[in-house]
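Fold and contact review
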Amino acid sequence: DFSLSKDAEFLADVTRFNNTQNALKIADFRSNDPVQKDLHRRFAELNRAGKPYFYKNKRSRERSANKIPIGMEDLAKTVYAFRYGPDDMSGGTRYLFDVSAKGGYTRVFGEPISQMKDEEFKLLAGTYFLCDEVHSHWREKREADNEEGKNSPGLERRWVVYYAVGELLRMIYGKEQTELDADLRRLSKPNTWQDESTHSVQKTIGEVFKLAATALNKAYNQAAKQQDFRHRNWFRSPDTLTDIKAELDVIPEYRGL
(Lines give C-alpha, C1' and ligand atoms only; values in the text may rest on other atoms or scores of the structure.)
Protein backbone atom coordinates (compact mmCIF):
# COMPACT_ATOMS: atom_id res chain seq x y z
CA ASP A 1 0.00 0.00 0.00
CA PHE A 2 1.13 3.53 -0.77
CA SER A 3 2.16 5.35 2.38
CA LEU A 4 3.40 8.92 2.26
CA SER A 5 5.19 8.64 5.60
CA LYS A 6 7.00 5.43 4.65
CA ASP A 7 7.71 6.81 1.19
CA ALA A 8 9.27 9.92 2.68
CA GLU A 9 11.37 7.86 5.11
CA PHE A 10 12.60 5.63 2.29
CA LEU A 11 13.56 8.63 0.19
CA ALA A 12 15.40 10.19 3.10
CA ASP A 13 17.37 6.96 3.66
CA VAL A 14 18.32 6.71 0.01
CA THR A 15 19.48 10.31 -0.27
CA ARG A 16 21.37 10.03 3.02
CA PHE A 17 23.39 6.96 2.11
CA ASN A 18 23.59 6.98 -1.66
CA ASN A 19 26.27 9.51 -2.50
CA THR A 20 27.71 7.83 -5.56
CA GLN A 21 28.23 9.80 -8.75
CA ASN A 22 25.58 7.79 -10.58
CA ALA A 23 22.95 8.05 -7.87
CA LEU A 24 19.38 8.48 -9.02
CA LYS A 25 18.09 12.01 -8.88
CA ILE A 26 15.73 12.67 -6.02
CA ALA A 27 13.06 13.66 -8.54
CA ASP A 28 13.17 10.16 -10.03
CA PHE A 29 11.45 8.78 -6.94
CA ARG A 30 8.36 10.83 -7.75
CA SER A 31 8.09 9.93 -11.44
CA ASN A 32 5.43 7.25 -10.94
CA ASP A 33 3.18 9.34 -8.72
CA PRO A 34 -0.37 9.42 -10.12
CA VAL A 35 -0.17 13.21 -10.26
CA GLN A 36 2.98 13.04 -12.42
CA LYS A 37 1.49 10.50 -14.83
CA ASP A 38 -1.58 12.71 -15.12
CA LEU A 39 0.56 15.76 -15.88
CA HIS A 40 2.26 13.80 -18.66
CA ARG A 41 -1.15 13.25 -20.23
CA ARG A 42 -2.40 16.79 -19.71
CA PHE A 43 0.65 18.57 -21.16
CA ALA A 44 0.50 16.33 -24.24
CA GLU A 45 -2.87 17.91 -25.00
CA LEU A 46 -1.30 21.39 -25.22
CA ASN A 47 0.73 22.79 -28.09
CA ARG A 48 2.61 25.80 -29.34
CA ALA A 49 3.02 26.56 -33.03
CA GLY A 50 1.52 23.16 -33.72
CA LYS A 51 4.05 21.26 -31.62
CA PRO A 52 2.70 19.25 -28.66
CA TYR A 53 4.35 19.42 -25.26
CA PHE A 54 6.14 16.42 -23.79
CA TYR A 55 6.20 16.34 -19.99
CA LYS A 56 9.21 14.31 -18.89
CA ASN A 57 8.09 12.83 -15.60
CA LYS A 58 10.59 10.04 -16.28
CA ARG A 59 14.10 10.11 -17.63
CA SER A 60 13.97 9.56 -21.34
CA ARG A 61 16.33 9.70 -24.27
CA GLU A 62 13.47 10.59 -26.52
CA ARG A 63 14.38 13.50 -28.75
CA SER A 64 11.95 14.95 -31.21
CA ALA A 65 12.00 18.21 -33.14
CA ASN A 66 8.23 17.93 -33.22
CA LYS A 67 7.73 18.04 -29.45
CA ILE A 68 8.47 20.65 -26.77
CA PRO A 69 9.93 19.04 -23.63
CA ILE A 70 9.10 20.12 -20.09
CA GLY A 71 11.23 18.55 -17.37
CA MET A 72 9.58 17.59 -14.09
CA GLU A 73 12.34 19.20 -12.02
CA ASP A 74 12.30 22.35 -14.15
CA LEU A 75 8.52 22.64 -13.77
CA ALA A 76 8.72 22.21 -10.00
CA LYS A 77 11.58 24.69 -9.58
CA THR A 78 9.88 27.24 -11.82
CA VAL A 79 6.47 27.18 -10.17
CA TYR A 80 7.94 27.07 -6.66
CA ALA A 81 10.25 30.01 -7.41
CA PHE A 82 7.39 32.10 -8.79
CA ARG A 83 5.24 31.45 -5.73
CA TYR A 84 7.69 31.25 -2.85
CA GLY A 85 11.24 32.01 -4.01
CA PRO A 86 14.13 29.89 -5.33
CA ASP A 87 14.12 26.39 -3.84
CA ASP A 88 17.77 26.84 -2.84
CA MET A 89 16.49 29.19 -0.14
CA SER A 90 14.35 26.41 1.32
CA GLY A 91 16.58 23.37 1.05
CA GLY A 92 17.08 22.72 -2.66
CA THR A 93 15.90 19.77 -4.71
CA ARG A 94 15.72 17.47 -1.71
CA TYR A 95 13.21 19.80 -0.07
CA LEU A 96 11.30 20.37 -3.29
CA PHE A 97 10.58 16.66 -3.79
CA ASP A 98 10.00 15.86 -0.13
CA VAL A 99 6.39 14.65 0.23
CA SER A 100 6.30 15.04 4.00
CA ALA A 101 4.44 17.86 5.72
CA LYS A 102 7.72 19.77 5.93
CA GLY A 103 8.56 19.36 2.23
CA GLY A 104 7.73 21.45 -0.80
CA TYR A 105 6.29 18.80 -3.11
CA THR A 106 2.64 19.23 -2.19
CA ARG A 107 2.97 23.03 -2.42
CA VAL A 108 3.55 22.60 -6.15
CA PHE A 109 1.79 19.38 -7.13
CA GLY A 110 -0.72 18.69 -4.37
CA GLU A 111 -1.08 15.16 -3.03
CA PRO A 112 1.10 12.63 -4.94
CA ILE A 113 -1.68 10.05 -5.06
CA SER A 114 -4.29 12.42 -6.47
CA GLN A 115 -4.76 13.80 -9.95
CA MET A 116 -5.07 17.54 -10.26
CA LYS A 117 -8.42 19.15 -10.78
CA ASP A 118 -8.77 21.08 -14.03
CA GLU A 119 -8.51 24.47 -12.32
CA GLU A 120 -5.41 23.35 -10.41
CA PHE A 121 -3.70 22.19 -13.58
CA LYS A 122 -4.56 25.40 -15.43
CA LEU A 123 -3.01 27.42 -12.61
CA LEU A 124 0.13 25.28 -12.63
CA ALA A 125 0.47 25.34 -16.42
CA GLY A 126 -0.35 29.04 -16.73
CA THR A 127 2.27 29.90 -14.12
CA TYR A 128 4.86 27.80 -15.94
CA PHE A 129 4.12 29.33 -19.35
CA LEU A 130 4.23 32.86 -17.92
CA CYS A 131 7.67 32.08 -16.50
CA ASP A 132 8.65 30.60 -19.87
CA GLU A 133 7.89 33.99 -21.41
CA VAL A 134 9.84 35.72 -18.63
CA HIS A 135 12.71 33.33 -19.38
CA SER A 136 12.83 34.66 -22.96
CA HIS A 137 12.98 38.28 -21.77
CA TRP A 138 15.63 37.40 -19.19
CA ARG A 139 17.78 35.61 -21.76
CA GLU A 140 17.51 38.53 -24.20
CA LYS A 141 18.52 41.03 -21.53
CA ARG A 142 21.47 38.94 -20.44
CA GLU A 143 22.67 38.69 -24.02
CA ALA A 144 22.19 42.43 -24.60
CA ASP A 145 24.05 43.30 -21.38
CA ASN A 146 26.97 41.08 -22.38
CA GLU A 147 27.18 42.70 -25.81
CA GLU A 148 27.16 46.17 -24.24
CA GLY A 149 29.64 45.23 -21.55
CA LYS A 150 27.12 45.77 -18.77
CA ASN A 151 27.18 43.76 -15.56
CA SER A 152 23.89 42.75 -13.93
CA PRO A 153 24.93 40.14 -11.34
CA GLY A 154 21.53 40.31 -9.63
CA LEU A 155 19.99 38.74 -12.72
CA GLU A 156 22.42 35.84 -12.91
CA ARG A 157 19.88 33.18 -11.93
CA ARG A 158 16.43 32.97 -13.45
CA TRP A 159 14.77 31.48 -10.37
CA VAL A 160 15.05 34.72 -8.41
CA VAL A 161 13.76 36.57 -11.48
CA TYR A 162 10.65 34.36 -11.49
CA TYR A 163 10.08 35.21 -7.84
CA ALA A 164 10.46 38.96 -8.42
CA VAL A 165 7.97 38.84 -11.29
CA GLY A 166 5.57 36.77 -9.21
CA GLU A 167 5.85 39.10 -6.23
CA LEU A 168 5.33 42.16 -8.41
CA LEU A 169 2.19 40.63 -9.88
CA ARG A 170 0.91 39.83 -6.40
CA MET A 171 1.47 43.48 -5.48
CA ILE A 172 -0.27 44.70 -8.64
CA TYR A 173 -3.35 42.59 -7.96
CA GLY A 174 -3.28 43.44 -4.25
CA LYS A 175 -6.30 42.04 -2.44
CA GLU A 176 -7.63 40.51 -5.66
CA GLN A 177 -5.40 37.44 -5.59
CA THR A 178 -8.22 35.29 -6.91
CA GLU A 179 -8.17 37.49 -10.02
CA LEU A 180 -4.45 36.87 -10.42
CA ASP A 181 -5.03 33.13 -10.28
CA ALA A 182 -7.84 33.49 -12.82
CA ASP A 183 -5.56 35.39 -15.20
CA LEU A 184 -2.78 32.84 -14.74
CA ARG A 185 -5.23 30.10 -15.68
CA ARG A 186 -5.98 31.98 -18.90
CA LEU A 187 -2.32 31.49 -19.86
CA SER A 188 -2.55 27.69 -19.62
CA LYS A 189 -2.94 27.35 -23.41
CA PRO A 190 0.25 28.92 -24.77
CA ASN A 191 -0.76 28.70 -28.43
CA THR A 192 -3.49 31.27 -27.75
CA TRP A 193 -1.01 34.00 -26.77
CA GLN A 194 2.64 32.96 -27.13
CA ASP A 195 2.36 32.25 -30.85
CA GLU A 196 1.43 35.87 -31.57
CA SER A 197 4.46 38.13 -31.07
CA THR A 198 2.35 41.28 -30.74
CA HIS A 199 -0.10 39.84 -28.20
CA SER A 200 -0.94 42.25 -25.37
CA VAL A 201 -0.08 39.60 -22.75
CA GLN A 202 3.48 39.36 -24.06
CA LYS A 203 3.82 43.15 -23.90
CA THR A 204 2.53 43.25 -20.33
CA ILE A 205 4.86 40.46 -19.20
CA GLY A 206 7.74 42.35 -20.80
CA GLU A 207 6.87 45.48 -18.81
CA VAL A 208 6.56 43.53 -15.56
CA PHE A 209 9.91 41.86 -16.22
CA LYS A 210 11.67 45.22 -16.72
CA LEU A 211 10.35 46.56 -13.42
CA ALA A 212 11.24 43.34 -11.60
CA ALA A 213 14.73 43.32 -13.11
CA THR A 214 15.29 46.92 -11.97
CA ALA A 215 14.27 46.02 -8.42
CA LEU A 216 16.50 42.94 -8.44
CA ASN A 217 19.54 44.92 -9.52
CA LYS A 218 18.88 47.56 -6.87
CA ALA A 219 18.45 44.94 -4.14
CA TYR A 220 21.66 43.21 -5.21
CA ASN A 221 23.68 46.44 -5.37
CA GLN A 222 22.50 47.47 -1.92
CA ALA A 223 23.41 44.10 -0.44
CA ALA A 224 26.79 44.11 -2.19
CA LYS A 225 27.80 47.15 -0.14
CA GLN A 226 27.88 45.03 3.02
CA GLN A 227 31.35 43.97 4.14
CA ASP A 228 30.42 40.31 4.55
CA PHE A 229 28.55 40.09 1.24
CA ARG A 230 28.95 36.90 -0.79
CA HIS A 231 27.53 36.73 -4.30
CA ARG A 232 26.63 33.04 -4.10
CA ASN A 233 24.98 33.39 -0.71
CA TRP A 234 22.75 36.21 -1.92
CA PHE A 235 20.88 33.75 -4.13
CA ARG A 236 20.43 31.31 -1.25
CA SER A 237 19.44 33.55 1.64
CA PRO A 238 15.74 34.02 2.49
CA ASP A 239 16.66 37.57 3.56
CA THR A 240 17.10 38.34 -0.13
CA LEU A 241 13.36 37.95 -0.66
CA THR A 242 12.70 40.66 1.93
CA ASP A 243 15.16 42.98 0.17
CA ILE A 244 13.50 42.33 -3.19
CA LYS A 245 10.04 43.06 -1.79
CA ALA A 246 11.30 46.35 -0.34
CA GLU A 247 12.67 47.45 -3.72
CA LEU A 248 9.52 46.39 -5.56
CA ASP A 249 7.38 48.34 -3.14
CA VAL A 250 8.99 51.67 -3.99
CA ILE A 251 8.58 51.34 -7.76
CA PRO A 252 5.69 53.70 -8.54
CA GLU A 253 5.10 52.37 -12.05
CA TYR A 254 3.66 49.06 -10.84
CA ARG A 255 0.55 50.80 -9.51
CA GLY A 256 -0.48 51.73 -13.02
CA LEU A 257 -0.06 48.34 -14.62
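Residue indices follow the written sequence of each chain, beginning from 1 at its first position. In keeping with the model being predicted, local features are shown solely for residues with a pLDDT of at least 70 and side-chain atom pairs are shown and tallied solely at 80 or more, while totals for entire chains, interfaces and linings include all residues. Side-chain calculation: all heavy atoms of the structure are included, whereas hydrogens and water are not.

Right, let's talk about the confidence of the model for the chain for a bit. Note: pLDDT gives the predictor's confidence per residue, expressed from 0 to 100. For the chain, mean pLDDT is 89; residues scoring 70 or higher make up 87% of the total. Contacts of residues 12–23 to residues separated by more than four positions or lying in other chains number 5 contacts, the stretch itself having pLDDT below 50. Whether two residues are in contact is decided by their heavy atoms: any pair within 4.5 Å suffices.

Let us look at the packing of helix H6 (residues 118–148) against helix H7 (residues 158–173). Remark: H6 packs on H7, axes separated minimally by 10 Å, with the N-to-C direction vectors making an angle of 120°. Relative to H7, H6 is oriented oblique. Crossing of H6 against H7: the hand is right-handed. In this structure, H6 uses Leu 130, Cys 131, Val 134, His 135 and Trp 138 to contact H7, whose residues at the interface are Arg 158, Val 161, Tyr 162, Val 165 and Leu 169. Its residues assigned to classes, the contact of H6 with H7 shows 8 nonpolar, 1 polar and 1 charged. Axis geometry follows a simple rule: fit a line to the C-alpha atoms, using only the stretch in contact for helices, then measure angles between N-to-C directions, giving values from 0 to 180 degrees. Think of it this way: any DSSP run of H or I at least four residues long counts as a helix, any run of E at least two long counts as a strand, and we number them from the N terminus. Note on terminology: angles under 35 degrees are roughly parallel, angles over 145 are roughly antiparallel, angles of 65 to 115 are roughly perpendicular, and the others are oblique. In this scheme, a crossing is called left-handed if the near helix is turned counterclockwise away from the far one by less than a right angle; it is called right-handed if the turn is clockwise. When residue character is reported, Ala, Val, Leu, Ile, Met, Phe, Trp, Tyr, Cys and Pro are called nonpolar, Asp, Glu, Lys and Arg charged, and the others, Gly included, polar.

In this structure, Phe 43, Leu 75 and Phe 109 are the most contacted members of the largest nonpolar core, which totals 68 residues. Top element by residues in this core is helix H9 (residues 200–223). It accounts for 11 residues. Excluding residues within four positions of it along the chain, Phe 109 makes contact with Val 35, Gln 36, Leu 39, Tyr 55, Met 72, Leu 75, Ala 76, Phe 97 and Met 116. As used in this record, nonpolar core signifies buried Ala, Val, Leu, Ile, Met, Phe, Trp, Tyr and Cys residues forming a set joined through side-chain atoms within 4.5 Å. Burial status follows relative accessibility: with a 1.4 Å probe on protein chains alone, a residue under 20% of its type maximum counts as buried, one over 50% as exposed, and anything between as partly exposed.

Our next topic: the packing of H9 against helix H11 (residues 239–249). Contact geometry of H9 with H11 gives a least axis separation of 8 Å together with a crossing angle of 125°. Between H9 and H11, the crossing angle belongs to the class labelled oblique. Viewed along their axes, H9 and H11 form a crossing whose handedness is right-handed. Between H9 and H11, the residues in contact are Ala 212, Ala 215, Leu 216, Lys 218, Ala 219 and Gln 222 and Asp 243, Ile 244, Glu 247 and Leu 248, respectively.

Turning to the pairing of strand S2 (residues 51–56), a few remarks are in order. Across 2 bridges, the pairing between strand S1 (residues 47–48) and S2 is antiparallel. Looking at S2, one finds that Arg 48 is bridged to Lys 51. At least two DSSP bridges between two strands are needed for those strands to be called paired. Linkage of S1 to S2, two consecutive antiparallel strands, is achieved through a turn of 2 residues, within which Ala 49 is found at a positive phi near 55°. As paired strands, S2 and strand S3 (residues 68–71) are joined by 4 bridges and run parallel to one another.

A few words on the sheet that holds S1. To summarise the sheet geometry, strands pair through backbone hydrogen bonds and adopt either a parallel or an antiparallel arrangement. Taken in spatial order, the 3 strands make up an open sheet running S1-S2-S3, and their pairing is mixed. Only two strands of the sheet have a single neighbouring strand rather than two, namely S1 and S3.

A few words on helix H2 (residues 34–44). Buried residues of H2: Val 35, Gln 36, Asp 38, Leu 39, Arg 42 and Phe 43, and no others. For H2, the buried positions fall inside an angular range of 160° around the axis, keeping them on one side. Lining the buried residues of H2 we find S2, S3, helix H3 (72–84), helix H5 (105–109) and H6. Relevant arc is that of directions from the helix axis to the C-beta atoms, nothing else.

When a carboxyl oxygen of Asp or Glu is within 4 Å of a side-chain nitrogen of Lys or Arg, the pair counts as a salt bridge. Counting across every chain of the model gives 16 salt bridges. Measuring nitrogen to oxygen at the nearest pair gives 3.4 Å for the salt bridge that ties Lys 141 to Asp 145. Within this pair, Lys 141 and its partner Asp 145 are both found in helix H6, separated by 4 residues, close to a single helical turn. A relative accessible area of 27% means that Lys 141 is categorised as partly exposed. Taking relative accessible area as the criterion, Asp 145 reaches 7% and is therefore assigned buried. The closest approach of N and O atoms between Glu 156 and Arg 157, which form a salt bridge, is 3.4 Å. Here Arg 157 falls in the partly exposed class, since its relative accessible area comes to 23%. A cluster of three or more residues bridged by salt bridges with shared partners is formed by Asp 38, Arg 41, Arg 42, Glu 45 and Asp 118.

Pairing of aromatic side chains requires ring centres within 6.5 Å, counting the rings of Phe and Tyr and the six-membered ring of Trp. Pairs whose planes differ by under 30 degrees are stacked, by over 60 edge-to-face, and all others tilted. Here the structure, examined in full by the defined rule, presents 13 aromatic pairs. Their ring planes at 50° and their centres at 5.1 Å tell us that Tyr 53 and Phe 129 sit as a pair that is tilted. Here Phe 129 lies in helix H6 and Tyr 53 lies in strand S2, a separation of 76 residues in the sequence. Take Tyr 53 and Phe 129: they sit in the same class, and that class is buried.

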